[in-house]
Amino acid sequence: MTPQSILITGAGSGIGCATAQAFIAAGWRVGLIGRRKEPLAQTANGHSNALILPCDVTNPEQVDAAFDTAAQTWGRIDALFNNAGTGLPATLIDEINVQDWLHLSNVNITGMFLCARAAFRHMRTQSPQGGRIINNGSISASVPRPGSAPYTMSKHAVTGLTRTLSLDGRPFNIACGQIDIGNALTEMAAPMTKGVPQANGTMAVEPVMDVKHIATSVLHMANLPLDTNVQFMTVMATAMPFIGRG
């Protein structure tokens, strides 16, 4: 039986790396997308099922080329984990540099759009038709952290993308779901272990969880048949401030 195939953006580090390695271990063919080849090679670790695809997700030509290469190599694209993203330090909106906002929105919104666009195009035209897109939202897709206007805005946009693709994908057997993650211990979340701003104006250390639990959750979503979908899944450190946050 031919292994299923998935493209994972931001695969050179953090959640993307852990998830890519989990899919490789589960027997999937995995396309590793990221800006730099070296971290992608480390994620692949020489595995024959890993396809290294250096790509800037904000560049339309590079995104289309990466997805075309994967489709030509495997014959089809079964899934996308639309994961690449970036953040900013907690800052009040009037102190945020506009260029920082433009960079974040270009990665977190435009990059998500371009990769979903490329995946949808292949899934709609391949035979048999269909596939699954899993977007990486965030706890911030529901509630903000203090000083997080750019990041929170971008993650609300991801939810809009997820809902729209879920609707538009129905005629083409394309399922779309979203995983909202809270405090998975990656380099991006490392400040949680030292203290981050809270809604009451204090600084506090927050609980974190092993990133492997995100990887297994995405794998569960991707392994479902296309007539079944996890629309939204929240995976979080149990005691983190989410319920009651704000």
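One can find the structure itself at the top, above this paragraph.
Residues numbered from 1 in each chain as written. Predicted model: local features only at pLDDT ≥ 70, side-chain atom pairs only at ≥ 80, totals over all residues. Heavy atoms only, no water.

(A) Molecular detail of the packing of aromatic side chains. Throughout the structure, instances matching the rule amount to two aromatic pairs. With centroids separated by 5.0 Å and ring planes inclined at 85°, the aromatic side chains of Phe 23 and Trp 28 adopt a geometry described as edge-to-face. There is no split in this pair, since Phe 23 and Trp 28 are both buried. Across from the ring centre of Phe 172, 5.3 Å away, lies the NZ or CZ of Arg 124, which sits over that ring. (Phe/Tyr/Trp six-rings, centres within 6.5 Å; stacked < 30°, edge-to-face > 60°. Buried < 20%, exposed > 50% of the residue type's maximum accessible area, 1.4 Å probe, protein only. Lys NZ or Arg CZ within 6 Å of the ring centre and 35° of its normal.)

(B) Up close: the sheet that holds strand S1 (residues 5-9). With parallel pairing, seven strands are arranged side by side in an open sheet as S3-S2-S1-S4-S5-S6-S9. Each of the sheet's edge strands pairs with one partner strand only, and the pair in question is strand S3 (50-54) and strand S9 (232-236). Taken over all neighbouring pairs, the strand axes of this sheet differ in orientation by 15° on average, direction set aside. When strand S4 (residues 79-82) meets strand S5 (residues 131-136), the two strands line up parallel, connected through four bridges. In the strand pairing of S5, Ala 79 is matched with Arg 132. Across the face of the sheet, helix H3 (residues 60-74) comes into contact with S1, strand S2 (29-34), S3 and S4 while running at roughly 155° to S3. (Pairing = 2+ DSSP bridges. Helix = DSSP H or I, 4+ residues; strand = E, 2+ residues; numbered from the N terminus. Axes fitted to C-alpha atoms, helices over the stretch in contact; angles between N-to-C directions. Contact = heavy atoms within 4.5 Å.)

(C) Inspection of the pattern of salt bridges at higher detail. Applying the stated criterion to the full structure yields five salt bridges. Residues Asp 64 and Arg 117 are paired through a salt bridge, measuring 3.8 Å at the closest nitrogen-oxygen approach. Here Asp 64, found in helix H3, pairs with Arg 117, found in helix H4 (residues 98-125); they are 53 residues apart in sequence, far enough to count as distant. A residue is classified by how much of its surface remains accessible, and Arg 117, at 44% relative accessible area, is partly exposed. Residue Asp 64 is joined to Arg 121 by a salt bridge in which the shortest nitrogen-to-oxygen separation is 3.6 Å. With Asp 64 in helix H3 and Arg 121 in helix H4, this pair connects stretches of sequence that are 57 residues apart. When its relative accessible area of 22% is taken as the criterion, Asp 64 is described as partly exposed. Taken together, the shared-partner salt bridges in this structure form one network comprising Asp 64, Asp 68, Arg 117 and Arg 121. (Salt bridge = Lys/Arg side-chain N within 4 Å of Asp/Glu carboxyl O.)

(D) Structural detail: unusual backbone geometry. Ser 127 connects to Pro 128 through a cis peptide bond whose omega is -5°. Checked against the element boundaries, Pro 128 lands in the loop between H4 and S5. Positive phi values are uncommon outside glycine, yet Asn 173 reaches one of about 60°. By the element assignment, Asn 173 lies in the loop between helix H5 (149-168) and strand S6 (174-182). Phi is positive for Asn 183, close to 65°, though the residue is something other than glycine. Here Asn 183 is to be found in the loop between S6 and strand S7 (196-197). Judged by its relative accessible area of 7%, Asn 183 falls in the buried class.

(E) Examining the side chain of Ser 148 more closely. Within the fold, Ser 148 resides in the loop between S5 and H5. A polar contact is formed between the side chain of Ser 148 and the backbone oxygen of Arg 145, at a distance of 2.7 Å. (Polar contact = N/O pair within 3.5 Å; in protein donor to acceptor, adjacent residues only side chain to side chain.)

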